[in-house]
Amino acid sequence: MSPFWRMAGYAILGTNIRSLRSGGVRAVAVTDEAIEKIKGMITSGALRAGDRLPREADLAAELGLSRSSLREAVRALSLVNILDVRRGDGTYVTSLEPRLLLEALSFIVDFHRDDTVLELLRVRRILEPAATAMAAERITDAETEGLRKLLDSIGPHPEPEELVANDLEFHRRIVACSGNSVLSSLLESISAPTTRARVWRGLTQTGTMAQTLAEHRAILDALDAHEPEIARSWATVHIAGVEQWLASVL
């Protein structure tokens, strides 16, 4: 577990213990109210990305909150990367970029089981072909050339681990070309837990390496030709192959 989430766990535990000591449900409800009020300031535009929050005493008075409930709310919102508490400087609204806000999803996905990997692959099969089709409409010559060099860099007979690392980077770049940062963050979160299954497939299933390389080339050719539906189809075939193999061995 990363230091970020270890500290988050301790802070949440500490908050729950304090809540039980100081009145249980009521204390939690007051903190929830404080969270909602700060959230309202951000969603209404009163606070924008990068803004510094007013002094604690001033903000508590403005929102009609106790300083302790405001402090708990700030701590909770900092755990999910909405606020950034800078010691000695103040508290700021983060950039609110999808990559930051979806970090919690990456943490949850880390608890996957083997059967959950199959479900993650099914979700990937729904989302990634759509992202690949979007990329085919937007991708530049420089980006397709970069993808071609990436594929060339591992040669025709890579080791399974090398192929999977190349595969992850290949698809990451394609999804980035879709121009949708939320989609990119979601797919990055759900792709990592499938790495072990993809390596194992490369080690145990005959012909997988050559098939993967050929499918990558087919996806790239469709991107280069700006053919969204062909790119979508090849991406679906590519992901479905891993999904079908995993379903057969679980």
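Residues numbered from 1 in each chain as written. Predicted model: local features only at pLDDT ≥ 70, side-chain atom pairs only at ≥ 80, totals over all residues. Heavy atoms only, no water.

Visitor: Honestly, the pattern of salt bridges in this entry has me stumped. Any pointers?
Guide: Proximity of charged atoms lets side chains of opposite charge pair with each other. Counting across every chain of the model gives 15 salt bridges. A salt bridge links D224 to R148; the shortest N-O distance between them is 3.3 Å. Note that D224 is positioned in helix α12 (residues 208-224) and R148 in helix α8 (residues 141-152), a separation of 76 residues in sequence. Among the ionic contacts, a cluster of salt bridges with common partners joins E56, R67 and R71. (Salt bridge = Lys/Arg side-chain N within 4 Å of Asp/Glu carboxyl O. Helix = DSSP H or I, 4+ residues; strand = E, 2+ residues; numbered from the N terminus.)

Visitor: How do you make sense of α12 when you look at a structure like this?
Guide: Within an α-helix, residues lying three or four positions from one another point in the same direction, as the helix has 3.6 residues per turn. Under the 1.5 Å per step criterion, the end-to-end length of α12 is 24 Å for 17 residues, consistent within 8% with the ideal 24 Å. Taken residue by residue, α12 has T208, M209, T212, L213, E215, H216, A218, I219, L220, A222 and L223 as its buried positions. Backbone geometry just downstream of α12 places H226 in the positive-phi region, at approximately 55°. (Expected span 1.5 Å × (residues − 1). Buried < 20%, exposed > 50% of the residue type's maximum accessible area, 1.4 Å probe, protein only.)

Visitor: Just to check I follow, could you spell out helix α10 (residues 181-191) for this structure?
Guide: Along α10, the positions that sit buried rather than exposed are L183, S184, S185, L187, S189, I190 and S191. Structurally, the start of α10 carries an N-cap: the backbone nitrogen of V182 is 3.1 Å from a side-chain oxygen of N180. (Polar contact = N/O pair within 3.5 Å; in protein donor to acceptor, adjacent residues only side chain to side chain.)

Visitor: What exactly am I supposed to notice about the packing of aromatic side chains here?
Guide: Working definition: an aromatic ring pair is given by the centre-to-centre distance plus the angle between the planes. Scanning the entire structure with this criterion turns up 0 aromatic pairs. The residue whose ring lies beneath R86 is Y92, and the NZ or CZ to ring-centre distance is 3.9 Å. (Phe/Tyr/Trp six-rings, centres within 6.5 Å; stacked < 30°, edge-to-face > 60°. Lys NZ or Arg CZ within 6 Å of the ring centre and 35° of its normal.)

Visitor: Sorry, what's going on with the packing of helix α9 (residues 160-176) against α10 here?
Guide: For the pair α9 and α10, interaxial distance at closest approach is 9 Å and the crossing angle is 160°. Taken together, the axis directions place α9 and α10 in an arrangement best described as roughly antiparallel. Viewed along their axes, α9 and α10 form a crossing whose handedness is right-handed. Across the interface between the two elements, L168, V175 and A176 of α9 pack against L183, S184, L187 and S191 of α10. Among the residues forming the contact of α9 with α10, the class breakdown is 5 nonpolar, 2 polar and no charged. (Axes fitted to C-alpha atoms, helices over the stretch in contact; angles between N-to-C directions. Parallel < 35°, antiparallel > 145°, perpendicular 65-115°, else oblique. Left-handed = near helix turned anticlockwise from the far one by under 90°. Contact = heavy atoms within 4.5 Å. Nonpolar A, V, L, I, M, F, W, Y, C, P; charged D, E, K, R; others polar.)

Visitor: When you look at the packing of α8 against α12 in this model, what are you seeing that I'm missing?
Guide: Between two packed helices, what matters for the description is the angle formed by their axes and the separation of those axes. α12 packs onto α8 with a crossing angle of 165° between their chain directions and a minimal axis gap of 10 Å. If you check the angle between α8 and α12, you find them roughly antiparallel. The two elements α8 and α12 cross, and the hand of that crossing is left-handed. Packed against α8, whose contacting residues are T144, L147, R148, L151 and D152, the element α12 presents H216, R217, L220, D221, L223 and D224 at the interface. Of the residues belonging to the contact of α8 with α12, the class tally is 4 nonpolar, 2 polar and 5 charged.

Visitor: Where do I start with the nonpolar core in this structure?
Guide: Nonpolar side chains in soluble globular proteins generally cluster together in the buried interior. Counting residues in hydrophobic clusters, the biggest one holds 17 residues, and the most contacted among them are I38, L70 and L83. Put simply, the parts of the chain that give this core at least two residues each are α2 (25-44), α3 (56-63) and α4 (67-79). When residues in this core are grouped by element, the largest group, 5 residues, is from α2. When sequence neighbours within four positions are dropped, the list of residues in contact with I38 reads L63, L70, A73, V74, L77 and L83. (Core = buried A, V, L, I, M, F, W, Y, C linked by side-chain atoms within 4.5 Å.)

Visitor: For this particular structure, what's the right way to read a nonpolar patch on the surface?
Guide: On the surface, I230, W234 and V237 cluster together to form a nonpolar patch covering roughly 250 Å² of accessible area. Along the polypeptide, I230 turns up in helix α13 (residues 228-249). Look at I230 and you get partly exposed, because its relative accessible area is 41%. (Patch = residues over 30% accessible without salt bridge, like charges linked within 9 Å, V, L, I, M, F, W, Y side chains within 5 Å. Areas by Shrake-Rupley, 256 points an atom, 1.4 Å probe, with all protein chains shown as cover.)

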